[in-house]
Amino acid sequence: MTITIYHNPECGTSRNTLARIRNSGAQPQVIEYLQHPPGKAKLLELIAAMKVPVRDVLRKKTGPYEELGLEDEKWSDDDLVNFMVAHPILMNRPIVVTPLGTRLCRPSEVVLDILPLPQQSEFFKEDGEKVIDKEGNRVHQQ
């Protein structure tokens with residue numbers, strides 16, 4: 001069973017997602033995409049697998065987004081993908097690939113929908129929020 005996470009260790013959501021994968025007992029392939037960008041073909045493959053618009057994968061809270069004027073609708077999907085390839089920080093994260101699907105895991109709880117194995121133990125996010133109980137079940141927030 002292969003699980004891959006396109007990860008940024010500086011991102012809390014990405015760290016929480018990686019921790020949840022490991023809490024299922026899996027040891028994923030971790031690709032730090034800022035050092036090892038996926039390239040255009042792989043990025044297109046990931047977007048197609050997620051079945052989302054290209055703009056959903058574009059990270060808006062970053063300098064290049066504003067500097068390049070990417071909010072402008074004039075940019076085609078191909079243009080946007082090319083910008084993400086040229087500036088990997090524009091790729092929203094984390095993206096997780098498992099045998100059950102590919103998802104942009106924002107919020108980090110999304111990863112639970114595609115993990116083949118259940119959570120093995122209690123889990124708290126970095127901010128202290130409890131999301132998995134002692135039996136490995138999701139804690140539903142009010």
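What counts as what
- Residues numbered from 1 in each chain as written.
- Predicted model: local features only at pLDDT ≥ 70, side-chain atom pairs only at ≥ 80, totals over all residues.
- Heavy atoms only, no water.
- Helix = DSSP H or I, 4+ residues; strand = E, 2+ residues; numbered from the N terminus.
- Rg over C-alpha atoms; globule rule 2.2 N^0.38 Å.
- Buried < 20%, exposed > 50% of the residue type's maximum accessible area, 1.4 Å probe, protein only.
- Contact = heavy atoms within 4.5 Å.
- Axes fitted to C-alpha atoms, helices over the stretch in contact; angles between N-to-C directions.
- Parallel < 35°, antiparallel > 145°, perpendicular 65-115°, else oblique.
- Left-handed = near helix turned anticlockwise from the far one by under 90°.
- Nonpolar A, V, L, I, M, F, W, Y, C, P; charged D, E, K, R; others polar.
- Pairing = 2+ DSSP bridges.
- Polar contact = N/O pair within 3.5 Å; in protein donor to acceptor, adjacent residues only side chain to side chain.

Asks: Can you help me understand the overall build of the protein in this one?
Replies: Helix and strand content of the protein: five helices and six strands. For the protein, the sequential pattern of α-helices and β-strands runs β-α-β-α-α-α-α-β-β-β-β. Relative to its length of 142 residues, the protein is compact, with a C-alpha radius of gyration of 16 Å against a globular reference of 14 Å. Along the three orthogonal principal directions, the C-alpha set of the protein runs to about 50 × 30 × 25 Å. The buried share among the 142 residues of the protein stands at 45%. Sequence separation of at least 24 residues holds for 57% of the intrachain contacts in the protein that already meet a minimum separation of 6.

Asks: Can you help me understand the packing of helix H2 (residues 39-50) against helix H5 (residues 77-86) in this one?
Replies: To characterise two packed helices, one gives the angle between the axes of the helices and the distance between these axes. Running from N to C, H2 and H5 point in directions that differ by 120 degrees, and their axes come no closer than 10 Å. Considered as vectors, H2 and H5 are oriented oblique to each other. When you trace H2 past H5, the crossing you get is right-handed. In this structure, H2 contributes Gly39, Lys40, Leu43, Leu44 and Ile47 to the contact, and H5 contributes Asp78, Val81, Asn82, Met84 and Val85. Per-class residue counts for the contact of H2 with H5 are six nonpolar, two polar and two charged.

Asks: Teacher, can you tell me more about the sheet that holds strand E3 (residues 95-98) here?
Replies: Strand pairing in a sheet relies on backbone hydrogen bonds. The paired strands run either parallel or antiparallel. As summarised here, the arrangement of the four strands in space is E2-E1-E3-E4, forming an open sheet in which the pairing is mixed. Across the chains shown, the open sheet's two edge strands, defined by having one partner strand only, are strand E2 (29-32) and strand E4 (101-104). Neighbour-to-neighbour, the strand axes of this sheet turn through a mean angle of 15 degrees, independent of strand direction. Of the pairings in the sheet, the one linking strand E1 (residues 4-7) to E2 comprises four bridges and is parallel in character. Residue pairing for E2: Thr4 is matched across the bridge by Gln29. Across the sheet, helix H1 (residues 12-23) touches E1, E2 and E3, and the angle it forms with E1 is around 160 degrees. With respect to the sheet, H2 is in contact with E1, E3 and E4, its orientation differing from that of E4 by roughly 100 degrees.

Asks: What should I look at first to understand the side chain of Thr98 in this one?
Replies: With respect to the element layout, Thr98 can be found in strand E3. Here the side chain of Thr98 touches Leu100 through a polar contact of 2.9 Å, landing on its backbone nitrogen. At a separation of 2.5 Å, a polar atom in the side chain of Thr98 contacts the main-chain carbonyl oxygen of Ile114. Look past the residues within four positions of Thr98 in its chain and what remains in contact with it is Thr2, Ile3, Ile114, Leu115 and Pro116.

What is shown is where atoms sit, not what they do.
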